[in-house]
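Residue-level structure breakdown
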There are 2 protein chains.
Amino acid sequence: MRGNVQKILVVGAGHMGQQIAVQIMKHGLNVIVHDISQANLELAKKKIHEFVSELNFNVTSEIKSIDTDCDLVIETVIENIKLKREVLAKLNTVVNKDAIFVSNTSDILPSKIAKYTGRPELFCAYHFHSPLYGANIVDIMPHRRTSPDVVKVLTSFTRTIGLIPLVLKKESPAYIYNAILNSIMDKSVELVLKEVAGIEDVDKAWMGNTGMKIGPFGMLDFIGIDTAMHVTRIRAKKNPLKYIGVAFFKKYVDAGKLGIKSGEGFYKYPNPKYLDYDFLK
Amino acid sequence: MRGNVQKILVVGAGHMGQQIAVQIMKHGLNVIVHDISQANLELAKKKIHEFVSELNFNVTSEIKSIDTDCDLVIETVIENIKLKREVLAKLNTVVNKDAIFVSNTSDILPSKIAKYTGRPELFCAYHFHSPLYGANIVDIMPHRRTSPDVVKVLTSFTRTIGLIPLVLKKESPAYIYNAILNSIMDKSVELVLKEVAGIEDVDKAWMGNTGMKIGPFGMLDFIGIDTAMHVTRIRAKKNPLKYIGVAFFKKYVDAGKLGIKSGEGFYKYPNPKYLDYDFLK
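The rules we used
Residues numbered from 1 in each chain as written. Chains lettered and ligands numbered in written order. Predicted model: local features only at pLDDT ≥ 70, side-chain atom pairs only at ≥ 80, totals over all residues. Helix = DSSP H or I, 4+ residues; strand = E, 2+ residues; numbered from the N terminus. Rg over C-alpha atoms; globule rule 2.2 N^0.38 Å. Buried ≥ 20, exposed ≤ 12 C-beta atoms within 10 Å, placed from the backbone. Least-squares fit on C-alpha atoms with pLDDT ≥ 70 in both. Contact = placed C-beta atoms within 7 Å. Nonpolar A, V, L, I, M, F, W, Y, C, P; charged D, E, K, R; others polar. Pairing = 2+ DSSP bridges. Right-handed = clockwise from strand over helix to strand, strands pointing away. Axes fitted to C-alpha atoms, helices over the stretch in contact; angles between N-to-C directions. Parallel < 35°, antiparallel > 145°, perpendicular 65-115°, else oblique. Core = buried A, V, L, I, M, F, W, Y, C linked by C-beta atoms within 7 Å.

**Let's talk about the overall build of chain A**
- Counting its secondary structure elements, chain A contains nine helices and eight strands.
- Relative to its length of 281 residues, chain A is compact, with a C-alpha radius of gyration of 20 Å against a globular reference of 19 Å.
- With the C-alpha coordinates aligned to their principal axes, the bounding extent of chain A is approximately 55 × 40 × 30 Å.
- Burial statistics for chain A: of 281 residues in total, 45% are counted as buried.

Here it is as structure tokens:
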């Protein structure tokens with residue numbers, strides 16, 4: 001392991017991979033972005049150049065050709081445990097043995113994928129929240145075998161790239177904020193399903209009391225209703241009552257209402273009602 | 001029932017009764033504040049005069065002597081169902097029959113006390129959130145027999161006094177915001193009890209992600225840990241697992257750590273750590 005993280009390989013050039021690469025580059029460190037899709041990489045290049053013009057970054061679609069001498073590998077492929085295992089195992093064969101590996105995951109416990117890295121003591125979960133600009137938290141979730149030194153290096157690295165490290169004491173589904181957020185979403189959906197209150201009323205109650213500019217259903221539109229359905233389905237395995245939440249989200253997803261990204265979810269975009277000046281009147 | 005609410009009787013001169021009286025007077029309406037304790041009334045008078053100098057308010061400790069000709073009675077005595085029933089029944093004997101009665105309650109369903117008012121169709125729950133200044137929500141929770149006209153009058157009255165009315169479609173414990181808040185508190189306490197994260201880490205995760213200036217444990221200090229324990233105990237009857245939450249709060253309460261009001265709770269006041277400039281660094 002190397003204490004001073006200078007060269008970072010970001011694996012996956014999607015939405016999160018791009019943001020992470022930009023955040024790191026803005027703080028003067030070197031980044032290589034890898035994706036198996038050349039098309040994704042071209043898109044990512046364009047996006048990244050909107051935010052940073054520096055040359056301390058490179059892309060590669062051929063994992064064998066990666067400059068294997070790096071300090072940290074940040075895996076950001078989609079939330080599929082099989083795919084993450086495959087990608088980590090492949091990376092282990094080409095990247096130097098002393099590089100720290102982390103997975104950006106919101107659902108998967110690090111112990112479930114650690115052995116595929118070939119370096120479990122140098123591995124943990126490392127969770128970025130989107131959008132990543134401004135004051136933002138990164139959750140560092142070690143598993144039982146993660147070396148305490150790795151946690152130290154990642155804590156320091158997180159600060160170096162301008163973010164707030166939050167170290168969990170042990171593995172736990174959904175970290176801290178997402179665990180709390182899930183319980184907010186569950187209760188909000190329950191109030192609507194029980195016909196105690198409408199969607200807008202729930203958001204008004206939340207916004208009026210907290211002073212936040214968005215309520216639970218506005219947040220769900222931001223997260224994506226398809227993503228909310230996916231996460232709720234995973235959690236429903238432990239609590240079958242949650243399948244009513246899955247069914248609630250499914251109606252929207254089947255109608256193509258995925259939230260901000262599809263132009264409509266619980267609200268219509270780009271001018272959702274909750275941003276109206278008089279929403280709380 | 002009178003559509004135009006001009007004269008209001010506030011019953012109970014405690015923390016909430018005082019704030020409610022001030023809010024109404026600031027908007028030019030007439031208020032009488034009643035409390036059985038002359039000492040409470042003297043304190044309330046002082047407090048109220050800090051905020052408003054108008055003369056459109058009076059106090060009375062003798063319920064028989066109340067100017068019974070009023071449009072609206074707001075009952076704000078402590079959260080004890082027996083006491084609320086007694087007070088409402090007594091008020092029914094002295095107040096004109098066409099006055100609307102409301103109870104400021106966070107826990108008690110209106111159907112459980114409606115018949116004691118002698119005018120169930122003119123009664124509902126009407127819940128103020130503390131502190132009451134600024135943008136703030138008032139929950140209007142009718143029971144099955146509440147007249148829709150009463151809900152209309154209260155909705156309009158709420159706007160008149162500068163607050164945001166939120167009408168619930170039916171009775172439900174803890175309204176909207178408090179129901180969501182309870183689930184946040186449950187999850188936050190669970191994360192600490194399972195030793196996933198410390199108290200400050202939970203607040204950091206919340207504050208860093210939402211942009212709010214206070215986290216769940218800071219909010220608990222604000223609410224009062226004794227109040228949180230009381231509410232959790234009531235809810236524990238339906239979910240015995242919540243007794244671990246009661247036990248968690250009890251340790252603080254037994255140590256005299258009730259939150260802001262006692263000078264210490266999860267944080268020390270008047271300068272709690274979460275207000276430090278570098279709390280999120």
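From this point, the discussion proceeds with the structure in view.
**Notes on the relation of the copies chain B and chain A**
- If you rotate chain B by 180° and push it 0.0 Å along the axis, it lands on chain A with an RMSD of 0.1 Å. Expressed as a symmetry operation, the mapping of one chain copy onto the other fits a two-fold axis.
- Comparing contact sets, 100% of the residues at the interface of chain B also lie at the interface in chain A, consistent with an isologous, same-surface contact.

**Here we look at the environment of Lys 237 of chain B**
Residues and elements named next belong to chain B.
- Checked against the element boundaries, Lys 237 lands in the loop between helix H8 (225-236) and helix H9 (243-254).
- Looking at Lys 237, the number of C-beta atoms within 10 Å reads 9, which means it is exposed.
- Put simply, Lys 237 and Asp 107 are 130 residues apart on the chain and 13 Å apart in space, counted from C-alpha to C-alpha.

**Regarding the interface of chain B and chain A**
- Each partner contributes to the interface: chain B provides 34 residues, whereas chain A provides 34 residues.
- Of all elements in the fold, only strand S8 (164-167), helix H5 (177-193) and helix H6 (199-210) of chain B reach the threshold of two or more residues within the side of chain B that touches chain A.
- At nine residues, the largest contribution of residues to the side of chain B that touches chain A is made by H5 of chain B.
- Among the residues making up the side of chain B that touches chain A, the classes are represented as 18 nonpolar, eight polar and eight charged.

**Focus: the pairing of strand S2 (residues 30-34) of chain A**
Residues and elements named next belong to chain A.
- Of the pairings in the sheet, the one linking strand S1 (residues 7-11) to S2 comprises five bridges and is parallel in character. In the sheet register, Val 11 faces S2, and the bridge partner there is His 34.
- A crossover connection joins S1 to the parallel S2 through helix H1 (residues 15-26); in handedness this β-α-β unit is right-handed.
- Bridge analysis of S2 against strand S3 (residues 57-60) gives four bridges, and the strand direction is parallel. Within the sheet, the bridge partner assigned to Val 31 lies in S3 and is Phe 57.

**A few points about the environment of Glu 79 of chain B**
All names here are of chain B.
- Structurally, Glu 79 can be placed in the loop between strand S4 (72-75) and helix H3 (81-94).
- Considering only alpha carbons, one finds Glu 79 and Gly 162, 83 residues apart in sequence, at a separation of 25 Å.
- With residues near it in sequence (within four places) discarded, Glu 79 still touches Thr 105, Ser 106, Asp 107 and Ile 108.

**Section: the packing of H5 of chain B against H9 of chain B**
All names here are of chain B.
- Following both chains from N to C, one finds H5 and H9 inclined at 75°, their axes separated by 10 Å at the closest point. Compared by their axis directions, H5 and H9 come out roughly perpendicular. For the pair formed by H5 and H9, the contact residues are Asp 186, Val 189 and Leu 193 on the first element and Ile 244, Gly 245 and Phe 248 on the second.
- Residues belonging to the contact of H5 with H9 are distributed by class as follows: four nonpolar, one polar and one charged.

**With respect to the environment of Lys 90 of chain B**
- With respect to the helices and strands, Lys 90 of chain B occurs in helix H3.
- With 27 residues separating them along the chain, Lys 90 of chain B and Ile 63 of chain B place their C-alpha atoms 8.4 Å apart.

**Quick word on the sheet that holds S1 of chain A**
Residues and elements named next belong to chain A.
- Ordered in space as S3-S2-S1-S4-S5-S6-S7-S8, the eight strands form an open sheet in which the pairing is mixed. The open sheet is flanked by S3 and strand S8 (164-167), the only strands paired with a single partner. Each neighbouring strand pair of the sheet contributes to a mean axis angle of 25°, computed without reference to strand direction.
- The sheet contact formed by strand S4 (residues 72-75) and strand S5 (residues 100-103) spans four bridges and is parallel. What sits directly across from Val 73, in S5, is Phe 101.
- Lying on the sheet, helix H2 (residues 38-51) is in contact with S2 and S3; it crosses S3 at an angle near 165°.

**Details of the nonpolar core**
- The biggest cluster of nonpolar side chains holds 169 residues, and the ones touching the most others in it are Ala 21 and Val 73 of chain A together with Ile 8, Ala 21 and Val 73 of chain B.
- Ignoring any residue separated from it by four or fewer positions in sequence, one finds Val 73 of chain A in contact with Leu 9, Val 11, Leu 91, Val 95, Ala 99 and Phe 101 of chain A.

**Points about the sheet that holds strand S3 (residues 57-60) of chain B**
Residue and element names in this part refer to chain B.
- Taken together, the eight strands give an open sheet; going across it, the order is S3-S2-S1-S4-S5-S6-S7-S8, and neighbouring strands pair in mixed fashion. The open sheet has two edge strands with one neighbour each: S3 and S8. When the angles between neighbouring strand axes are averaged without regard to direction, this sheet yields 25°.
- As paired elements, strand S1 (residues 7-11) and S4 share four bridges and run parallel to each other. Its bridge partner lying in S4, Val 11 is registered against Glu 75.

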